[in-house]
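# A closer look at the structure
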Amino acid sequence: MERQKTILLWGAGSQARLVEAMLRDTEKLSDASAVFDPLGNSDLTTDLEIIRDVKTLAKRLPDFDGFVVCIGNQNGFARVKIGEFLAEHGLLPVSVFSPWAILDPTSQIGRGSVVMPGVIVQKFCSVGGYAILNTGACIDHECTLGRGVHVMGQAAVAGRVTVGAFATLGTNSTILPDVAVGAGAYVGAGSVVLRDIGEDAVVVGNPARTLRHASPQFDGALLTALATEVARLA
């Protein structure tokens with residue numbers, strides 16, 4: 001049996017609760033693992049240690065084998081930036097795969113990704129790191145999804161679709177074959193995308209139309225504070 005890993009779960013909301021349960025399902029999670037609550041106000045119920053401040057986290061970083069960034073919704077850019085920081089400090093990104101997902105062996109899913117139950121990834125697909133494929137999402141053949149992508153529950157991505165980094169495909173949305181979804185784009189729930197979408201576009205409807213543009217946002221102050229504390233302890 002594979003050795004249980006000491007894993008840092010970054011984030012203390014619903015995503016962390018699900019990831020912890022999935023890791024326990026596969027017996028990969030050591031009881032020495034911990035949850036970092038970056039907002040300091042989570043009411044997450046868990047038997048794991050909850051770390052609530054940067055100083056404690058900086059001291060504990062060397063204790064962890066790996067990490068999962070448990071931040072959902074349209075926060076793919078944040079997942080990638082946090083993941084890159086933790087990897088640079090010696091932790092390994094852990095992928096979390098539900099045993100009830102169907103992942104074709106010809107497809108590749110990048111490190112640090114979370115794949116929920118009922119997901120189907122067909123042949124010859126490529127999914128970048130720190131992606132979330134949520135419950136019941138279907139990725140058809142020969143698709144390419146960038147880093148930090150979030151495909152929400154029951155979304156359907158048809159064949160040969162390209163989805164840029166940090167894009168979000170909303171619940172029950174449908175992307176037709178050979179369409180390109182630009183980096184950072186957001187496809188609203190239930191939308192049907194018939195043609196290419198530009199970078200950072202927010203689209204809704206059937207057929208999907210652009211409402212506005214919104215660039216991914218990330219406040220790096222917490223990582224800066226953590227890096228400073230880690231350097232102080234070195």
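Above this text sits the structure in question.
These lines cover the structure that appears in this document, whether it is placed above or below. (Residues numbered from 1 in each chain as written. Predicted model: local features only at pLDDT ≥ 70, side-chain atom pairs only at ≥ 80, totals over all residues. Heavy atoms only, no water.)

### Points about unusual backbone geometry
For clarity, the threshold we go by: Each helix corresponds to a stretch of at least 4 residues labelled H or I by DSSP, and each strand to a stretch of at least 2 residues labelled E; elements are numbered beginning at the N terminus. Throughout, exposure labels follow a simple rule: accessible area from a 1.4 Å probe, protein chains only, divided by the maximum for the residue type, with under 20% read as buried, over 50% as exposed, and the rest as partly exposed.
Between Asn206 and Pro207 the backbone carries a cis peptide bond, its omega angle lying at 0°. Here Pro207 is to be found in the loop between β23 (201-204) and β24 (209-213). Here the phi dihedral of Phe166 falls at roughly 70°; this positive angle occurs in a residue that is not glycine. Here Phe166 is to be found in the loop between β17 (162-163) and β18 (168-169). Overall, Phe166 belongs to the buried group, its relative accessible area being 17%.

### Digging into the packing of aromatic side chains
Aromatic ring pairs: the centre-centre distance and the angle between the two ring planes describe each pair. So the rule is basically this: Any two rings among Phe, Tyr and Trp, with Trp reduced to its six-membered ring, count as a pair given centres within 6.5 Å; such a pair is stacked if its planes are under 30 degrees apart, edge-to-face if over 60, and tilted if neither.
Counted under the stated rule, the structure contains four aromatic pairs. Both rings, one in Trp10 and one in Phe36, keep their centres 4.7 Å apart while their planes meet at 70°; by these two values the pair is edge-to-face. Of this pair, Trp10 sits in strand β1 (residues 7-10) while Phe36 sits in strand β2 (residues 34-36), and the two are 26 residues apart along the sequence. Note on accessibility: Trp10 and Phe36 belong to one class, buried. Measuring from ring centre to ring centre gives 6.3 Å for Phe67 and Tyr130, while their planes differ by 15°; the resulting arrangement is stacked.

### Here we look at the layout of surface pockets
Going by this rule: Two kinds of site are reported from a 1 Å grid over the protein atoms alone, namely cavities, where a 1.4 Å probe fits but cannot get out, and pockets, open sets with protein on both sides within 12 Å along at least five of seven lines, and residues are called lining when an atom falls within 4 Å of a point. Grid points are joined across faces, edges and corners, and a volume is the space filled by probe spheres set on the points. Under the scheme applied here, ten amino acids are nonpolar (Ala, Val, Leu, Ile, Met, Phe, Trp, Tyr, Cys and Pro), four are charged (Asp, Glu, Lys and Arg), and all others, including Gly, are polar.
As a volume, the largest pocket reaches approximately 290 Å³. Per element, the largest residue contribution to the lining of the largest pocket is three residues, and it comes from helix α3 (residues 76-88). Across the lining of the largest pocket, the residue classes tally to nine nonpolar, seven polar and two charged. Taken as a whole, the second largest pocket holds about 200 Å³ of empty space. Together, Trp10, Pro38, Leu39, Ile71, Asn75, Ala78, Ile82, Gln217, Phe218, Asp219, Leu222 and Leu223 line the second largest pocket. A class-by-class count of the residues in the lining of the second largest pocket yields nine nonpolar, two polar and one charged.

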